[in-house]
Structures are given as structure tokens and as C-alpha cells.
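# Notes for the structure review
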Amino acid sequence: MSDLLTRRDFVGAATGMAAGAVLGAAPARRTAAPAILVRPAGRNVVVASSNGLRAVERAGRLLAQGVDPLEAGIDGVKIQELDPEDTSVGYGGLPNEEGVVQLDASCMHGPTKRAGAVAALEGIKTPSEVAKYVLWYTNHILLVGEGAKRFALSYGFKEENLLTDKAREIWLRWRANRGAADDWLDVPEDANLVVRPTGTINCNLVNAKGEISSVTTTSGLAWKIPGRVGDSALVGAGQYTDNDVGAAGSTGRGESNIKVCGAFLTVESMRRGIKPTDACLETLKRVITMTEPRLLDEQGRPRFGLTFYAVNKIGEYGSASLFSGDRYAVWEEDRAALRDCAYLYQRRRRGS
Ligand code: ASP
């Protein structure tokens, strides 16, 4: 059900529940944020970036078996993290400018209100799982670099070389062609190799009981400055869950998302009754208003890509991207499918 209910149904259902609470059906929580989405989904829904088609399928099947949404989501995105052919996530991810793969991931578990994250993690194939360990077993939320690795090793994660031959070759070509004033001889190459590749997987889930979770994992921007942390590791930017409302997350240029706390902003829009797709579009508009002129073209359009994905407590979902032509993955009614993202700008054809 992509944004199925009307706005009036949506708010109306919530209003009914709020009245119930006043009549004593549920104890008032003094510190709770205003929650207007209270009716559980009644079915399982998983929404993810398009590279997460296998992830939503795995996660959806696990939800159907009653597996917790965070466990299901992490099991889903791990398929991509462990796939050496995927150069945007986990093992096989493209490295930083020195040829070292540094991974970021974060997750949230709605029912327990917990969060966990790792950043600039080296040598461990599945950062999403390490983030989950931070969530379950520590009093902290974000571990970085060497500390994050030692934490992972203490739980039995194996240290491995994450730079595959495929990723190394792409990195070497980039290094050879990055500038005229360096000491590297240019090599003939396909034009695509000088475009800075990006990639990430974000996955948001709600089960039939209305329990919500989210996870995002990435190798970050290729050729980044060592130590750079993107949005994927940051709770509120790369992903966010509020079990009363929904979950959201992103892929694309992390720096642009971090400035607007995009996942949090999207969930807050849904809290006000805005449908998931429109909430994602609202966040993208905010991104544009917060973008430096150097990152905009002559027509004020961004020179980068960014996409948001969202699901709410009643199982409505959606996604929006800066440019047309992007897709996202969804699991509902026992099947996985790709759908078109809403968008702000028509993508220009090459050379036009
Ligand atoms: N959002 C990721 C980052 O900035 C990259 C991506 O999604 O392509 O690290």
C-alpha cells in the first residue's frame, strides 16, 4: 500500500486513539513526542534502496516468520555487504583515496528505542551487524575506527582484507587519472571511471504488530579523505526510527543529508500526518535550500544525487529522489518489487 489511506483517514484514526488515551485506556507519557500514528500496519512491509531487492525479499520472509524487524533488516542488507560484486557496500566496497576500505553503518530498533552505529570501520565485512552489537550490548551509540574494529573482534568478527581485485582496479584507475599535476601517468579509461561512484543500502521495516526498525550500511563515497564519515553512520541522517511513527533513511551524497538530519526530518514530517513519499520530497526540498552555490548548476539544480526512503506505522511507504529515473525496492503482500521514486527534477540527458 503505497500511501494508500487519505490524509483524513490517517489523522482521524490517530485522533480516535488519542481520545482513548484521555479516557484512561493508556497511561499518559509526559515526555512523549506527539504521536499521531497509532494503528499498527497489520502486515509486513520493507522498503529499501534499489540495490536492496534481495534484502527486502530476505527481510520480508523473515518478518513473515515472526523474526524481529531489526534482525530481519540486518540479515537482508548483509547479502549486499558480503557480495564482492557490490562495490558500494561492505566487502568489495570502493576504498578511500589511499586505497583503504572504510565502512559506515547505523541502525535503530523501534520497540526498545535503541540505536547503534560504527564509522570508518576497517577489515570487517558486515558493519551493519557490528552496529547491531553496539545497539544491543553497549551504553554507547557510535564507535569509530580502531575502537570499532577492536569491539567487533572481541565478539568474534573476523578481520579480512576488504579490497577486492575489482575495487582495487577501479581505485588504481581513478588514482592514475585524477589530475594532470600529479606523478601518476594517465591511463586510457572509460569515462565512467572518473565519475565519483556512490552507493549505499538503506532498509526500513514495519511488521504486522507495528514494530519498526531501520538500518543503513555503506562503504561511503569512493576516494573520500581517510577518516571521512558520511550520513550512513549518523543516527537521524542515514536512518531513523520512531516506533510511534515510522522509519526513514537515505542514499546519496551524505554531506548534503547530514546538514538537514534528513531521516529524522522525514520521520517528523510523517508524525505530522504527511505521507511517506511527500515526507521524502519535503526533506529533499530542505536539502536544496541548505545547499551551497558551488554544488548547484546554473539553473539552481543540485550537482549531486540523494534519495530518501520511508515507511510509516500503518505500512504506507514511499521514496523520493532528487532526479527522475531512480527506483527503490519494496516487500509487501509476500513479494519483492522495484518501484519508481518520486522526484524533484527531471534528469538531464548526457550532453544536454
Ligand atoms: N550516503 C553515503 C555516504 O555519503 C554514500 C552513498 O549513499 O552513495 O557515505
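Residues numbered from 1 in each chain as written. Predicted model: local features only at pLDDT ≥ 70, side-chain atom pairs only at ≥ 80, totals over all residues. Heavy atoms only, no water.

All right, on to the sheet that holds strand S11 (residues 327-332) then. Taken together, 8 strands build an open sheet; the order of strands is S4-S3-S2-S6-S5-S1-S11-S12 and the sheet is mixed. Where the open sheet ends on each side, the last strands, each with one partner, are strand S4 (142-144) and strand S12 (335-340). Across the sheet, the axes of successive neighbouring strands diverge by a mean angle of 10°, strand direction being ignored. Of the strand pairs in this sheet, strand S2 (residues 103-109) and strand S3 (residues 114-121) are connected by 6 bridges, and their pairing is antiparallel. Bridged to Leu-103 within S3 is Leu-121. Strand contacts of helix H4 (residues 127-137): S2, S3, S4 and strand S6 (212-218), with the helix running at about 135° to S3, the strand carrying the most contacts. (Pairing = 2+ DSSP bridges. Helix = DSSP H or I, 4+ residues; strand = E, 2+ residues; numbered from the N terminus. Axes fitted to C-alpha atoms, helices over the stretch in contact; angles between N-to-C directions. Contact = heavy atoms within 4.5 Å.)

Note that Thr-307 resides in strand S9 (residues 306-312). Judged by relative accessible area, Thr-307 falls into the buried class, the value being 6%. A distance of 2.8 Å separates a polar atom in the side chain of Thr-307 from a polar atom in the side chain of Ser-321. Not counting chain neighbours up to four residues away, the residues in contact with Thr-307 comprise Gly-249, Ser-250, Thr-251, Ser-319, Ala-320, Ser-321, Asp-326 and Cys-341. (Buried < 20%, exposed > 50% of the residue type's maximum accessible area, 1.4 Å probe, protein only. Polar contact = N/O pair within 3.5 Å; in protein donor to acceptor, adjacent residues only side chain to side chain.)

Here 5 strands make up an open sheet; going across it, the order is S7-S8-S9-S10-S13 and the pairing mixed. The open sheet has two edge strands, strand S7 (239-242) and strand S13 (342-345), and neither has a second partner. Here the average twist between neighbouring strands, direction ignored, is 15°. For S9 and strand S10 (residues 317-323), the ladder comprises 5 bridges, and the chain directions are antiparallel. Across the sheet, residue Thr-307 finds its bridge partner in S10, namely Ser-321. In this fold helix H8 (residues 262-271) packs onto S7, strand S8 (246-252) and S9, with an angle of close to 145° to the strand it touches most, S8. Sheet contacts for helix H9 (residues 276-289): S9, S10 and S13; angle to S10, the most-contacted strand, approximately 30°.

Right, let's talk about the site of the ligand for a bit. The environment of the ligand is made up of 12 residues, and the closest members are Gly-199, Thr-200, Arg-228, Asp-231 and Gly-252. Separating an oxygen atom of the ligand from a side-chain N or O atom of Arg-228 is a distance of 2.7 Å. Gly-254 places a polar main-chain atom, nitrogen or oxygen, 2.9 Å from an oxygen atom of the ligand. The pocket occupied by the ligand, as judged from atoms lying within 2 Å of grid points, is the largest cavity. Of the residues contributing to the shell around the ligand, the split by class is 1 nonpolar, 9 polar and 2 charged. (Near = heavy atom within 4 Å. 1 Å grid on protein atoms, 1.4 Å probe; cavity = no way out; pocket = protein on both sides within 12 Å on 5 of 7 lines; lining within 4 Å. Sits in = over half its atoms within 2 Å of the grid points. Nonpolar A, V, L, I, M, F, W, Y, C, P; charged D, E, K, R; others polar.)

Looking now at H8. For an α-helix, 3.6 residues make a turn, and residues three or four places apart therefore share a direction. With 8 of 10 residues buried, H8 is to be regarded as a mostly interior element. For H8, every residue scored as buried is listed here: Gly-262, Ala-263, Leu-265, Thr-266, Val-267, Ser-269, Met-270 and Arg-271.

With 13 residues, helix H6 (residues 165-177) extends 18 Å between its outermost C-alpha atoms, agreeing within 8% with the 18 Å of an ideal straight helix rising 1.5 Å per residue. Buried within H6 are the following residues: Ala-167, Ile-170, Trp-171, Trp-174, Arg-175, Ala-176 and Asn-177. (Expected span 1.5 Å × (residues − 1).)

Attention now goes to the environment of Leu-70. With respect to the element layout, Leu-70 can be found in helix H3 (residues 69-81). C-alpha of Leu-70 to C-alpha of Lys-132: the two residues are 62 residues apart in sequence and 8.4 Å apart in space. If we skip the residues at most four places from it in the chain, Leu-70 touches Cys-107, Met-108, His-109, Lys-132, Leu-135, Trp-136, Ser-213 and Ser-214.

Before going further, it helps to examine empty space enclosed by the protein. If you walk through the whole model with that rule in mind, you get 2 cavities of 30 Å³ or more. Size it by volume and the largest cavity reaches roughly 70 Å³. Among the residues forming the lining of the largest cavity, the class breakdown is 1 nonpolar, 9 polar and 2 charged. (Points joined across faces, edges and corners; volume = space filled by probe spheres on them.)

Let us look at the packing of aromatic side chains. Counted under the stated rule, the structure contains 9 aromatic pairs. Seen in terms of ring centroids, Phe-323 and Tyr-345 are 5.7 Å apart; in terms of plane orientation they differ by 40°. Their pairing is tilted. Of this pair, Phe-323 sits in strand S10 while Tyr-345 sits in strand S13, and the two are 22 residues apart along the sequence. We classify Tyr-345 as buried; its relative accessible area is 18%. Among the aromatic residues, those joined into a ring-pair cluster are Tyr-133, Tyr-137, Phe-151, Tyr-155 and Phe-157. The cationic tip of Lys-125 hangs over the ring face of Tyr-91; the distance from NZ or CZ to the ring centre is 4.2 Å. In this arrangement the basic side chain of Arg-253 is found over the ring face of Phe-304, its NZ or CZ atom lying 5.5 Å from the centre. (Phe/Tyr/Trp six-rings, centres within 6.5 Å; stacked < 30°, edge-to-face > 60°. Lys NZ or Arg CZ within 6 Å of the ring centre and 35° of its normal.)

Let us look at the pairing of strand S5 (residues 201-206). Each regular strand carries side chains that alternate between the two faces of the sheet. Counting buried positions along S5 yields 6 of 6 residues, so the element is predominantly enclosed. Burial along S5 is two-sided: the face carrying Ile-201, Cys-203 and Leu-205 and the face carrying Asn-202, Asn-204 and Val-206 are both buried. In the sheet, strand S1 (residues 45-49) pairs with S5 via 4 bridges, with the strands oriented antiparallel. Paired with Val-47 across the bridge in S5 is Asn-204. Strand direction decides the pairing type here: S5 and S6, joined by 6 bridges, are antiparallel. By the bridge assignment for S6, Asn-204 is matched with Ser-214.

Interpretation note: all reported values are geometric properties and have no functional meaning in isolation.
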